[in-house]
Amino acid sequence: MAGKRGNQTVRGMIQSMAVICAFAGVIYLFIPHDDSLDPIRPVDYRVELVTARRAAPYPVAAPAGLSADWKPTSVTFRREDGYAWHLGFLDPDGQYAAVEQSTQAPGTYVPKVTQQAAPTDATQPVGAETWQRWEGEKYDALVRTGQGSTTVVTGTASYERLAQLAAALESESGTTPSPVPSAS
């Protein structure tokens, strides 16, 4: 008697799984989905930028005039962490690039935001300024200190793209940032 009841339980479980799988298949077929859409959604960083520019004791930098191919993906401002400003992007080549600024000591701050990159003897001219190149296993960076903060442009992007982002940085206090590209 026990053997017959065990077979009924297994058969019932298989039938239930078949019904559930069929139901899930129908839902998948009839709910629209588009796998061709870009999963990266740009963020609007204007509010955080205005907040950071009012609160930070240094001129907070953000890019102006970048093409819509640069997608802003993340933004944070942490007053309690040395007034740390972060603005991350995907560059036109799909690589990561970020602007990092803080009042923390460069010797500890730069390795932290560059995933342990180290300084090199090389420099990178960007406009009228000279940035120091840092190289790392994961991220490379361009670093500049001054005006009460350390500015780091870092990421997996090439030095050319990092320099392009650095060249677009503006730090005028009280200016309104340029519009952020829409998600469309």
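All values derive from a computational prediction rather than experimental measurement.

**Q** Tell me about the overall build of the protein chain, residues and numbers included.
**A** When its secondary structure is counted, the protein chain shows four helices and nine strands. In the protein chain, the succession of α and β elements from N to C terminus is α-α-β-β-β-β-α-β-β-β-β-α-β. The burial tally for the protein chain puts 35% of its 184 residues in the buried class. Contacts in the protein chain between residues far apart in sequence, at least 24 positions, make up 51% of those at least 6 positions apart. Taken as a whole, the protein chain presents about 11,000 Å² of accessible surface, with 55% of it coming from carbon and sulfur.

**Q** Any chance you could break down the sheet that holds strand 6 (residues 129-135) for me, citing the residues and the numbers?
**A** Pairing within the open sheet is antiparallel, and its seven strands lie in the order 2-3-4-8-7-6-5. Both outer strands of the open sheet, strand 2 (71-78) and strand 5 (118-126), are each paired with one neighbouring strand and no more. Pairwise comparison of adjacent strand axes, ignoring direction, gives a mean angle of 20 degrees for this sheet. As paired elements, strand 2 and strand 3 (residues 84-90) share seven bridges and run antiparallel to each other.

**Q** Tell me about the UniProt feature "transmembrane region" (unreviewed entry) in the protein chain, residues and numbers included.
**A** When the UniProt feature table is mapped onto this chain numbering, "transmembrane region" (unreviewed entry) sits at residues 12-31. A distance of 29 Å separates the end C-alpha atoms of residues 12-31, which is 95% helix and 0% strand.

**Q** Outline the confidence of the model for the protein chain, supporting the account with residue identities and numerical values.
**A** Summary statistics for the protein chain give a mean pLDDT of 87 and a share of 85% for residues scoring 70 or more. No element of the protein chain has a lower mean pLDDT than helix 1 (residues 2-30), which averages 79, and none a higher one than strand 4 (residues 96-102), which averages 98. Predicted confidence for residues 174-184 stays below pLDDT 50, and this span has 21 contacts to residues more than four positions away or in other chains.

**Q** Please set out unusual backbone geometry residue by residue, giving values where relevant.
**A** Most peptide bonds adopt trans geometry, and most residues besides glycine take a negative phi value. Within the chain, Gln-115 stands out as a residue other than glycine whose phi angle is a positive 60 degrees. Secondary-structure assignment places Gln-115 in the loop between helix 3 (106-113) and strand 5. Phi angles above zero are rare outside glycine, and Gln-147 is one such case at about 55 degrees. Along the chain, Gln-147 turns up in the loop between strand 7 (140-146) and strand 8 (149-155).

**Q** Report on a nonpolar patch on the surface, specifying residues and quantitative values.
**A** Together, Val-26, Tyr-28, Leu-29 and Phe-30 make up a nonpolar patch on the protein surface, roughly 510 Å² of accessible area in all. Within the secondary structure, Phe-30 is located in helix 1. Taking relative accessible area as the criterion, Phe-30 reaches 67% and is therefore assigned exposed.

Reading the values: the criteria
- Residues numbered from 1 in each chain as written.
- Predicted model: local features only at pLDDT ≥ 70, side-chain atom pairs only at ≥ 80, totals over all residues.
- Heavy atoms only, no water.
- Helix = DSSP H or I, 4+ residues; strand = E, 2+ residues; numbered from the N terminus.
- Buried < 20%, exposed > 50% of the residue type's maximum accessible area, 1.4 Å probe, protein only.
- Contact = heavy atoms within 4.5 Å.
- Areas by Shrake-Rupley, 256 points an atom, 1.4 Å probe, with all protein chains shown as cover.
- Pairing = 2+ DSSP bridges.
- Axes fitted to C-alpha atoms, helices over the stretch in contact; angles between N-to-C directions.
- UniProt positions renumbered as here; feature names shortened; annotations may be inferred.
- pLDDT = per-residue confidence, 0-100.
- Patch = residues over 30% accessible without salt bridge, like charges linked within 9 Å, V, L, I, M, F, W, Y side chains within 5 Å.
- Salt bridge = Lys/Arg side-chain N within 4 Å of Asp/Glu carboxyl O.

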